[in-house]
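Below, each chain spelled out in residue letters.
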There are 2 protein chains.
Amino acid sequence: MKATIYDVAKEAGVSIATVSKVLNGKGKISVETREAILAIMDRLDYQPSVIASALTGKRTFTLGLLVPDISNPFFSEIARAIEDQGEQLGYSVMMCSTDNKDEKVERYIALLQQKKVDGIIIATGIDNKEILEQLLSKGIPVVLLARDMPLVAVNTVVVDDYVGGCLAASHLLELGHRRIGIIGEREKVRSSRERVRGFRQTMEEYGAAFVPEHLKHCDYKVEDGKIKALELLQADEPPTAIFACNDMLAVGTLQAARELGKKVPEDLSIVSFDNTILAAVTDPPLTTVAQPMEHMGKLVVNLIVEELQGTAPVKQRTVLRPELITRESTAAIVS
Amino acid sequence: MKATIYDVAKEAGVSIATVSKVLNGKGKISVETREAILAIMDRLDYQPSVIASALTGKRTFTLGLLVPDISNPFFSEIARAIEDQGEQLGYSVMMCSTDNKDEKVERYIALLQQKKVDGIIIATGIDNKEILEQLLSKGIPVVLLARDMPLVAVNTVVVDDYVGGCLAASHLLELGHRRIGIIGEREKVRSSRERVRGFRQTMEEYGAAFVPEHLKHCDYKVEDGKIKALELLQADEPPTAIFACNDMLAVGTLQAARELGKKVPEDLSIVSFDNTILAAVTDPPLTTVAQPMEHMGKLVVNLIVEELQGTAPVKQRTVLRPELITRESTAAIVS
DNA sequence: CTGAAAGCGCTAACAT
DNA sequence: ATGTTAGCGCTTTCAG
């Protein structure tokens, strides 16, 4: 069997309390006994049980991560960043793909609580605000990532979607585009709404007319984007540029353009959002508004760990600035 | 505070043993008390502590998943499949990205043991076989996924890489290609070696000469593939087709071709392996040897859970058949 | 059918 | 500087 604290204590001829103390670097222990105990620990290949320690009220050193879908590149890239920072600080992360279904969110949250995770990172949409509030009321550290609910008092890390939208728009407008299509996620997705809002706002500032028919909403997958892009491009006066609210939708747009024999960027410019691996891999590579995913992951872990150490100050909302990455899917309009 | 088993016992006027029994459906409990207890449980919103239960020797209902990099689409897609099947069976999964470094593998394995996970799914390469053997000797259920070490007695789920290589080769050969380049991962990666072996074997059968200079090895990323593809394509007699051992390398190959002004598939055919989202998203979409990722994930979870229930028979090695998906990156050679 | 009690491995007062 | 002891929340004999 695995060695326990008792084995170490017996072997060292001391009490378990002493062993526990050297384990946690607490209390005063003479150098000799400490050394001796340490030696025995690794001779016995002793690994303290996180479970037992957690039962006495200590941490489990485990974080829960809720995302819509871990196989979506945006979230898997974020997950990697979170995992890395977690590992630095001694935390493991449990992944939970919710498919944006409240029902799954609830199931996972309940599960995570039973497993006594130290904190939960929520990067998935939640329709019912109460789920979140109830969770918060239990005092479990929670941080929202890439999704926010301004009315709820919770730590949040987001990118400035509005500014991102503006960035995308001014790029296109500077290139001379005026008839621009927009493909966003479903209306209820706040971040998408904000991106669109920034985009439209900027269009207005440039005096570009906003045509309601040029704004489409759909789910977040490639296929959805393709369908909407086809609609846009087959209209009477098709747009000369399209802003897709994420990389997947942009890929769909690219496919639609290809299907219609339109060249990108000659016949159609495309700007997307996120800058996942997808944006770098398409042909042409996509001009996109990049989210600093690595930084976001790091930040979110730090925040949650601070919160559970009690060193956390008041709730905060960190808004990161996105950045436009110019690649080859956009070009000046020729008229 | 959260309700404990004591709270519900007191509330129901019974002992905690009774509550425990209804919780686990063990022993004989009268219908009335069971009902009463159940009612109280949910009135108190009682959630049994997995931690406490684990301490008494029960399962933690948590699985560890070791992959090289969760942000690599192949692994994130597999992870999703594993997560889903795990959820079906009541298991959570902790993700661990190892970057294929033994040192990280060891750290993560130690951590997972301290957290008393019920089983570990290993989908990452391990150089030092002893790490695996040591783990197995502790009696922790382990399953290898997409990586195998035939000499070690461990449950394994893999795709038939050799056959996959054959499939890729015959497709290209049937299209008339004879000068074919191959880009594989580093030599030590078994699955890549097997794919190449199958590929070469089939070439021989078709009487296509194998040119040593046409075989390149590198890391698994897009950029690596691009570099090797450039070398291949800039040679005196460049190949008319390239087999890339995974989708990322194929993407790199696609980029190299574009950079050199070669059209795919007119000037160069490309076949890849995996069939991740990347293969569907490039232009042209890639002909690729698909791994049944969903099925693999399901299988691997079932295997490990069977093992932990003791219902597991002898160790087994499941070899799944890959399937060629023909898309637009390959075409008959015109001479 | 139900309960009392002994642990699981560890932490944290409180003594010594 | 080190040891004693009482839990943490649950499972599991073993009695009743």
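Residues numbered from 1 in each chain as written. Chains lettered and ligands numbered in written order. Predicted model: local features only at pLDDT ≥ 70, side-chain atom pairs only at ≥ 80, totals over all residues. Heavy atoms only, no water.

In the annotation of an unreviewed UniProt entry, chain A is listed under the name LacI family DNA-binding transcriptional regulator and assigned to Paenibacillus sedimenti.

Per the UniProt record, the feature "domain: HTH lacI-type" (unreviewed entry) sits at residues 3-57 of chain A. End C-alpha to end C-alpha, residues 3-57 of chain A measures 22 Å, and it is 65% helix and 0% strand. (UniProt positions renumbered as here; feature names shortened; annotations may be inferred. Helix = DSSP H or I, 4+ residues; strand = E, 2+ residues; numbered from the N terminus.)

Here we take up the interface of chain A and chain B. On the side of chain B, 58 residues touch chain A, which itself brings 58 residues to the contact. Here chain A and chain B share an interface that buries about 4600 Å² over both sides, 55% of which is from carbon and sulfur atoms. Run the count over chain A and chain B and you get nine salt bridges. Here aspartate 99 of chain B ties to arginine 80 of chain A by a salt bridge, and the two come within 2.9 Å at their closest N and O atoms. The interface formed by chain A and chain B holds 25 residue pairs in polar contact (both at pLDDT 80 or more) in total. Elements represented by at least two residues in the side of chain A that touches chain B include exactly helix 4 (50-55), strand 1 (62-67), helix 5 (73-89), strand 2 (92-97), helix 6 (102-114), helix 11 (247-259) and helix 12 (277-281) of chain A. Within the side of chain A that touches chain B, the residues separate by chemical class into 28 nonpolar, 13 polar and 17 charged. One ladder, built from three bridges, connects strand 2 of chain A with strand 2 (residues 92-97) of chain B; its direction is antiparallel. (Contact = heavy atoms within 4.5 Å. Buried area = accessible area lost by both parts, 1.4 Å probe. Salt bridge = Lys/Arg side-chain N within 4 Å of Asp/Glu carboxyl O. Polar contact = N/O pair within 3.5 Å; in protein donor to acceptor, adjacent residues only side chain to side chain. Nonpolar A, V, L, I, M, F, W, Y, C, P; charged D, E, K, R; others polar. Pairing = 2+ DSSP bridges.)

This part covers the packing of aromatic side chains. Residue and element names in this part refer to chain A. Evaluated as defined, the whole model comprises six aromatic pairs over all chains. With a centroid separation of 4.9 Å and 75 degrees between ring planes, the pair formed by phenylalanine 74 and phenylalanine 75 is classed as edge-to-face. Where phenylalanine 199 meets phenylalanine 243, the ring centres are 4.6 Å apart and the plane angle is 5 degrees; that geometry is what we call stacked. Highlighted residues: phenylalanine 199 in helix 9 (residues 190-205) and phenylalanine 243 in strand 8 (residues 241-244), separated in sequence by 44 residues. This pair shows no difference in class: phenylalanine 199 is buried, exactly as phenylalanine 243 is. Against the face of phenylalanine 210 rests arginine 200, its NZ or CZ located 3.6 Å from the ring centre. (Phe/Tyr/Trp six-rings, centres within 6.5 Å; stacked < 30°, edge-to-face > 60°. Buried < 20%, exposed > 50% of the residue type's maximum accessible area, 1.4 Å probe, protein only. Lys NZ or Arg CZ within 6 Å of the ring centre and 35° of its normal.)

For the rest of this paragraph, the subject is the sheet that holds strand 10 (residues 287-290) of chain A. Residue and element names in this part refer to chain A. Across the sheet, six strands lie side by side as 7-6-8-9-10-12; this open sheet has mixed pairing. Either end of the sheet is taken by a strand with one partner, and the two such strands are strand 7 (215-218) and strand 12 (323-325). Here the strands of the sheet are splayed against their neighbours by 20 degrees on average, with no regard to which way each runs. Pairing geometry for strand 6 (residues 180-185) and strand 8, over four bridges, is parallel. Along strand 8, the bridge assignment pairs isoleucine 183 with alanine 244. Together, strand 6, strand 8, strand 9 (269-274), strand 10 and strand 12 form the strand contacts of helix 8 (residues 161-174), whose direction differs from that of strand 9 by roughly 160 degrees. Contacts from helix 9 reach strand 6, strand 7, strand 8 and strand 9, with the element oriented near 160 degrees to strand 6. (Axes fitted to C-alpha atoms, helices over the stretch in contact; angles between N-to-C directions.)

Around DNA strand D, the surrounding shell holds 27 residues, and the nearest of these are Thr18, Lys21 and Lys28 of chain A together with Ile5 and Tyr46 of chain B. By atom count, sugar and phosphate contribute 62% of the portion of DNA strand D lying within 4 Å of the protein. Residue alanine 52 of chain B places a main-chain N or O atom 3.3 Å away from a base nitrogen belonging to DNA strand D. For the surface near DNA strand D, the elements supplying multiple residues, two or more each, are helix 2 (16-24) of chain A together with helix 1 (5-12), helix 2 (16-24) and helix 4 (50-55) of chain B. Here the surface near DNA strand D gets four residues from one element, more than from any other, and that element is helix 2 of chain B. (Near = heavy atom within 4 Å.)

Okay, helix 13 (residues 293-309) of chain B next. Residues and elements named next belong to chain B. Under the 1.5 Å per step criterion, the end-to-end length of helix 13 is 24 Å for 17 residues, consistent within 8% with the ideal 24 Å. Listing the buried residues of helix 13 in full gives Met293, Met296, Gly297, Val300, Val301, Leu303, Ile304, Val305, Glu307 and Leu308. One or two steps after helix 13, the chain reaches glycine 310, where phi turns positive at roughly 75 degrees. (Expected span 1.5 Å × (residues − 1).)

Glancing now at helix 1 (residues 5-12) of chain A. Residues and elements named next belong to chain A. When helix 1 is considered as a whole, its buried residues turn out to be Ile5, Val8 and Ala9. All buried residues of helix 1 fall inside an arc of 100 degrees around its axis, so they share one side. Turned more than 90 degrees off the buried face of helix 1, the exposed positions are Tyr6 and Lys10. Turning to helix 1, the residues buried within the fold contact helix 2 and helix 3 (31-43). Measuring from the side-chain oxygen of the N-cap residue of helix 1 to the backbone nitrogen of tyrosine 6 gives 3.0 Å; that N-cap residue is threonine 4. Note on helix 1: the residue one or two positions beyond its end, glycine 13, has a positive phi of about 70 degrees. (Arc of directions from axis to C-beta.)

The next thing to look at is the relation of the copies chain A and chain B. Once turned by 180 degrees and shifted 0.0 Å along the axis, chain A lies on chain B with an RMSD of 0.1 Å. Each copy turns onto its partner about a two-fold axis. In terms of C-alpha distance to the rotation axis, chain A has methionine 94 of chain A as its closest residue, with the C-alpha 2.1 Å off the axis. (Least-squares fit on C-alpha atoms with pLDDT ≥ 70 in both.)

Let us now look at the UniProt feature "domain: HTH cro/C1-type" (unreviewed entry) in chain A. Taking the UniProt record as the reference, the feature "domain: HTH cro/C1-type" (unreviewed entry) is found at residues 4-47 of chain A. This span, residues 4-47 of chain A, is 68% helix and 0% strand, and a straight line between its end C-alpha atoms measures 8 Å.

Now for the nonpolar core. In a soluble, globular protein the nonpolar side chains are often hidden away together inside. By size, the foremost hydrophobic cluster in this structure holds 126 residues, and its most contacted members are Ile82, Leu145 and Phe199 of chain A together with Ile82, Leu145 and Phe199 of chain B. Leaving out residues up to four positions away in the same chain, isoleucine 82 of chain A has contacts with Leu65, Val93, Ile121, Leu145, Gly297, Val300 and Val301 of chain A. Core analysis: the next-biggest nonpolar cluster, separate from the first, contains 41 residues, Val152 of chain A together with Met94, Tyr108 and Ile126 of chain B among them. (Core = buried A, V, L, I, M, F, W, Y, C linked by side-chain atoms within 4.5 Å.)

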